[in-house]
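Reading the structure
The residues making up each chain are set out below.
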2 protein chains.
Amino acid sequence: MYEEIIIMLQEKQFNKARNEVLNYNEADIAEIIEEAIEEVSIEKAIILFRMLPKDISSEVFSFLSSDTKLEIVDGITDKEIQYIVDELFFDDMIDLLEELPANVVKKILSRTEKEKRKLINQFLKYPVDSAGSLMTIEYADLKKEMTVKESIDYLKQHGISKETIYTCYIMDAGRRLEGIVPLRKLIINEDDTLLKDIMDTDVIFVNAYEDQEEIAKVFMKYDFIALPVVDKENRLVGIITIDDIVDVIEQENTEDFHRMAALMPSEKQYMDSSVLYLARQRIPWLLVLMFSSIVTGSIIGKFELMLSQVIALVTFLPMVMGTGGNAGAQSSTLVIRGMAVGDVKLTDILWVVWKEIRVSAVVGIVLSTFNFVRIYVVGNGSLGLAVTVSLSLFLVILAAKVIGGTLPIIAKKIGIDPAIMANPLIASLTDMISVTIYFILATYILGIG
Amino acid sequence: MYEEIIIMLQEKQFNKARNEVLNYNEADIAEIIEEAIEEVSIEKAIILFRMLPKDISSEVFSFLSSDTKLEIVDGITDKEIQYIVDELFFDDMIDLLEELPANVVKKILSRTEKEKRKLINQFLKYPVDSAGSLMTIEYADLKKEMTVKESIDYLKQHGISKETIYTCYIMDAGRRLEGIVPLRKLIINEDDTLLKDIMDTDVIFVNAYEDQEEIAKVFMKYDFIALPVVDKENRLVGIITIDDIVDVIEQENTEDFHRMAALMPSEKQYMDSSVLYLARQRIPWLLVLMFSSIVTGSIIGKFELMLSQVIALVTFLPMVMGTGGNAGAQSSTLVIRGMAVGDVKLTDILWVVWKEIRVSAVVGIVLSTFNFVRIYVVGNGSLGLAVTVSLSLFLVILAAKVIGGTLPIIAKKIGIDPAIMANPLIASLTDMISVTIYFILATYILGIG
């Protein structure tokens, strides 16, 4: 995309490249830097970064990937690091400090003024993925006795460094949250209106230790662009802005996608991960699932004698097992996703069982009929085989759908991430059930074993 | 959650219930209405809704589910519908009109003033899932010759009905977008500053026909809270706000989750779907995948003679097939998700192949060694069987990971949704490959067939 700039860097035309990148938005410049690291060299990318005007460089920095941030911190002077840290929004700074090596953090903190240092140390104590680690302290705080005019003047003086002033927070002397006023209201009301007359006192807030997934749900429910965060004593400690929540939503979704595909959770992106890292992410669950399929295999082993008599039974095995796995995956995905977006609740479990039973009946009849016709009518197979396969299929779909629909809810009830219960694990379970149903039915219907 | 209010409704204490719900946020009131429909009756829920003050009822309405919206429209007078339609934000109104039956829409439009009607008709023509169907026309438009003071006065007069005035758009006489000014800048600059001196002319915008998935990516990349939409002649036609994009992101994720679990796409939520609807969503792919496992079965059938000689081979079949399926699902999920968040690009295909080959080598060696030891050393199986199973496993993992990593990219290249290629489809493909590799190796190594 940015071939020209890449070529300029390759030819060491740094000034020309710098002037060219300045035509772009900061998020684009960050992309150019990432591309330069990949296609030219980290050294040249850093030179380009260092040539950016300081106010732009700190914003570009906040758009870079974690790995690139660390590499740039390695390649620039302490003074430059200090400048970036000072200029970053407070929440971006905390993110950076959480990732930097301890000695660099120590050096940065030693140069930060005492008040800010204290605050930073406090923020670094919040658990990752909590409201505390997402929030920023750059918000507009007003008093309810102020008029609209006074408020706007106050914002004119103090507002420039605030990450968002679109919602102003009104606190009492004890810093407890009393109300909010959207900036929109300041604009449309008369100068001498008192804030207490226009503020909204029915404020929705979260605790600093609240998990980010729950916070994302609050944002989605109320269509907020910012949300206040309070401590145990209900004092306002920060705000969370919607741009960070969009990232949280994508991150939580990625986690669910990965869990549902039997991958260990990972913060790293695929393209940034080493071969060994990717292998470590994949091996544990593959081993677990392998054990379960060994169990399935040993169940089949118990019916060896029967199998050797009716070897045709083996050819239908993948279909019965596969359909069971897919049917279970459909139900578990619908329920897991339903819980993630707040549609399905823990108390709905019996309702889900009943629904899945009825859906299974419809799905099972369609698929079983199809197979019966295929084996008995079209394929000239024996009636016994046709009945065995069709009836197994029906029962397997029923079992798979009930298990797929309920296991995720049970998991959540006992505090396990429902996504972990998902497709591969449920598929393993349905595999065992499938072969058991299949061979037991075969034993009775075909009269062998 | 809202037991008390539900009980009041059951006891027909409507006034008491109404006063109680007014303590809640509009999004909560919408939830109460939904709960009342479920647990009391639609009629009583509608009575409660009609008793809300009008300005609140229209906002509550925008938070209701599609089904409930339609039921309420059915249960209230035309005049009330008209009021809600008039009060809704423009984008919410378009959403509603898109869902209402044609005769109701016609009635509503006949009572709307001509100018607005023309606009509505134009909006209804944009494809669902396009920028045009997401955008609102309620934005603040200024001229670059205005001063800060004039702008704020203008907003004071016109801003109250705008969905967002946090970004102001500056247009020339031809309504072409010239620049943007965040409201923040209006606040912090002096009264007599001209907009043209503080506006940002490097504006990022999208076309009205752009797909919503791409728009979500723009929001995520640039951390925007609003984005201007232009027509083919680059005239500003609307803006898209972040709250709608959050919904788009969740909707697109749900679509991907469903596709990856072999479900037909659906706009309806699980709890709102009928049994037949759910069955229809599930049967098509189950049939497709059943066909593919019939093919797998017929491949096994070709090796019947060998199977009857070494029946133990069957017991390892679920493990080889299952591990292949899971290994493929891991790779495809990583790549599909990587493409969705913009990490993996179409041009990365060879890079992905090379990475997957190396990861497969590591994963394959670990799992194969484990199986070799289990079968030959611990299980006292024959050397031939141990080699057959281990070597098959290694090759199956390699094949599954390369296919899983590349098929989604190829799908995207030829314009198919990569998620469709996902787990169940790739699992079916790896099943066929698994049994083929397994039995061919068995033929050679065990010297039978």
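Predicted model, so just to flag it, every value in this text is computed and none were measured. Chains are numbered independently. Their residues run from 1 in the order of the written sequence. Each chain is given a letter, starting from A, and each ligand a number, starting from 1, according to the order in which they appear as written. Local features in this predicted model are restricted to residues whose pLDDT is 70 or higher, and side-chain atom pairs enter the listing and the counts only when it is 80 or higher, whereas totals over whole chains, interfaces and linings include all residues.

**Quick look at the interface of chain A and chain B**
Counted only if it meets this: By the criterion used throughout, residues are in contact when their C-beta atoms, derived from the backbone, lie within 7 Å. Under the scheme applied, nonpolar residues are Ala, Val, Leu, Ile, Met, Phe, Trp, Tyr, Cys and Pro; charged residues are Asp, Glu, Lys and Arg; polar residues are all the others, including Gly.
Counting residues at the interface gives 86 residues for chain A, matched by 86 residues for chain B. Counted by class, the side of chain A that touches chain B contains 51 nonpolar, 20 polar and 15 charged residues.

**Observations concerning the relation of the copies chain A and chain B**
Note on the chain copies: they are related by a rotation about an axis and a translation along it. The line we're drawing: C-alpha atoms of residues with pLDDT of at least 70 in both copies form the basis for the least-squares superposition of the copies.
It takes a turn of 180° to lay chain A on chain B, together with a shift of 0.0 Å along the axis; the resulting RMSD is 0.1 Å. Taken together, the rotation and translation describe the operation of a two-fold axis. Among all residues of chain A, the one whose C-alpha sits closest to the rotation axis is S308(A), at a distance of 2.8 Å. The share of interface residues of chain A whose copies in chain B are also at the interface is 100%, consistent with both copies meeting through the same surface.

**Some words on the packing of helix α15 (residues 212-222) of chain B against helix α16 (residues 242-260) of chain B**
Residue and element names in this part refer to chain B. Selection criterion: Each axis is a line fitted through C-alpha atoms, taken for helices only over the stretch in contact, and angles between the N-to-C directions span 0 to 180 degrees. Strands are runs of DSSP state E lasting at least two residues, helices are runs of H or I lasting at least four, and both sets are numbered from the N terminus onward. Oblique is the label for any angle not covered by the other classes, which are roughly parallel (under 35 degrees), roughly antiparallel (over 145) and roughly perpendicular (65 to 115). Each crossing gets its hand from how the near helix is turned against the far one by less than a right angle, where anticlockwise is left-handed and clockwise is right-handed.
Between α15 and α16, the least distance of the axes is 9 Å, while the angle of their chain directions is 120°. By the angle class used here, α15 and α16 are oblique. Between α15 and α16 lies a crossing of left-handed hand. Across the interface between the two elements, Q212, E213, I215, A216 and F219 of α15 pack against I242, I245, V248, I249 and E252 of α16. Taken together, the residues of the contact of α15 with α16 break down into seven nonpolar, one polar and two charged.

**Details of the pairing of strand β5 (residues 226-230) of chain B**
Residue and element names in this part refer to chain B. Rules: Three exposure classes are used, based on other C-beta atoms lying within 10 Å of a residue's own C-beta, which is placed from the backbone: buried for 20 or more, exposed for 12 or fewer, and partly exposed in between. Two strands pair under a simple rule: DSSP has to find at least two bridges between them.
With respect to burial, β5 is a largely interior element, five of its five residues being buried. Bridge count for strand β4 (residues 206-207) against β5 is two bridges, and the pairing is parallel. In the sheet register, N207 faces β5, and the bridge partner there is V230. Pairing of β5 with strand β6 (residues 236-241), which is carried by five bridges, proceeds in the antiparallel orientation. If you follow L227 over to β6, its bridge partner there is I240. Counting the residues that bridge the hairpin from β5 to β6 gives five residues, and of these N234 lies at a positive phi of roughly 65°.

**Regarding the domain arrangement of chain A**
Put simply, the rule reads: Where each domain begins and ends follows an automated or database-derived domain assignment.
As far as domains go, chain A holds domain 1 (3-125), domain 2 (135-241) and domain 3 (270-446). For domain 2 of chain A versus domain 3 of chain A, the separation of C-alpha centres amounts to 51 Å.

**Some words on the nonpolar core**
Under the convention used in this document: Put simply, a nonpolar core is a cluster of buried Ala, Val, Leu, Ile, Met, Phe, Trp, Tyr and Cys residues tied together by C-beta atoms within 7 Å.
In terms of nonpolar packing, the biggest core is built from 152 residues, with I33(A), I240(A), I33(B) and I240(B) touching the most fellow members. Membership of the second largest hydrophobic core comes to 121 residues, among which are L286(A), A427(A), I426(B) and I437(B).

**Observations concerning the sheet that holds strand β4 (residues 206-207) of chain A**
Strand pairing in a sheet is mediated by backbone hydrogen bonds. Such pairs are either parallel or antiparallel. Residue and element names in this part refer to chain A. Across the sheet, which stays open at both edges, the three strands sit in the order β4-β5-β6 with mixed pairing between neighbours. Looking along the sheet, the strands with just one partner apiece sit at the ends: β4 and β6 (236-241). The strands touched by helix α15 (residues 212-222) within the sheet are β4, β5 (226-230) and β6, with β5 carrying the most contacts at an inclination of about 135°. Each of β5 and β6 is contacted by helix α16 (residues 242-260), which is oriented at about 65° to β6, the strand it contacts most.

**Remarks on the packing of helix α20 (residues 349-378) of chain B against helix α21 (residues 383-413) of chain B**
Residues and elements named next belong to chain B. Packing of α20 against α21 brings their axes to within 8 Å, and their N-to-C directions diverge by 155°. Considering their axes alone, α20 and α21 lie roughly antiparallel with respect to each other. Pair α20 / α21 crosses with right-handed handedness. Across the contact of α20 with α21, the residue classes break down as 20 nonpolar, seven polar and two charged.

**A few points about the environment of G325(A)**
Residue and element names in this part refer to chain A. Positionally, G325 belongs in helix α19 (residues 312-340). G325 gets classed as buried once you count the C-beta atoms within 10 Å, which come to 30. Between the C-alpha atom of G325 and that of L383, which follows or precedes it by 58 residues, the distance is 26 Å. Setting aside its immediate chain neighbours within four residues, G325 contacts A427, T430 and D431.

**Considering the sheet that holds β4(B)**
All names here are of chain B. Pairing is mixed in the open sheet, where three strands are placed in the order β4-β5-β6. Of all strands in the sheet, those bounded by a partner on one side alone are β4 and β6. In the packing of α15 onto the sheet, the strands contacted are β4, β5 and β6, and the crossing angle to β5 comes to about 135°.

**Notes on helix α6 (residues 66-75) of chain A**
All names here are of chain A. Here is the rule: The arc in question is traced by the directions running from the helix axis to the C-beta atoms.
Buried within α6 we find T68, I72 and V73. The buried residues of α6 occupy an angular sector of 140° when the element is viewed end-on, so they sit on one face. Looking at the buried positions of α6, the neighbouring elements they touch are α3 (26-39), α4 (42-51), α7 (78-87) and α9 (102-111).

**A short note on the confidence of the model for chain A**
All names here are of chain A. Rule in force here: Confidence scores here are pLDDT values: one per residue, from the predictor, ranging 0 to 100.
Of all residues in chain A, 98% attain a pLDDT of 70 or more, and the chain-wide mean is 86. Of all the helices and strands in chain A, α9 carries the lowest mean pLDDT, 76, while β4 carries the highest, 94. In the predicted assembly, ipTM is 0.80 and pTM is 0.80.

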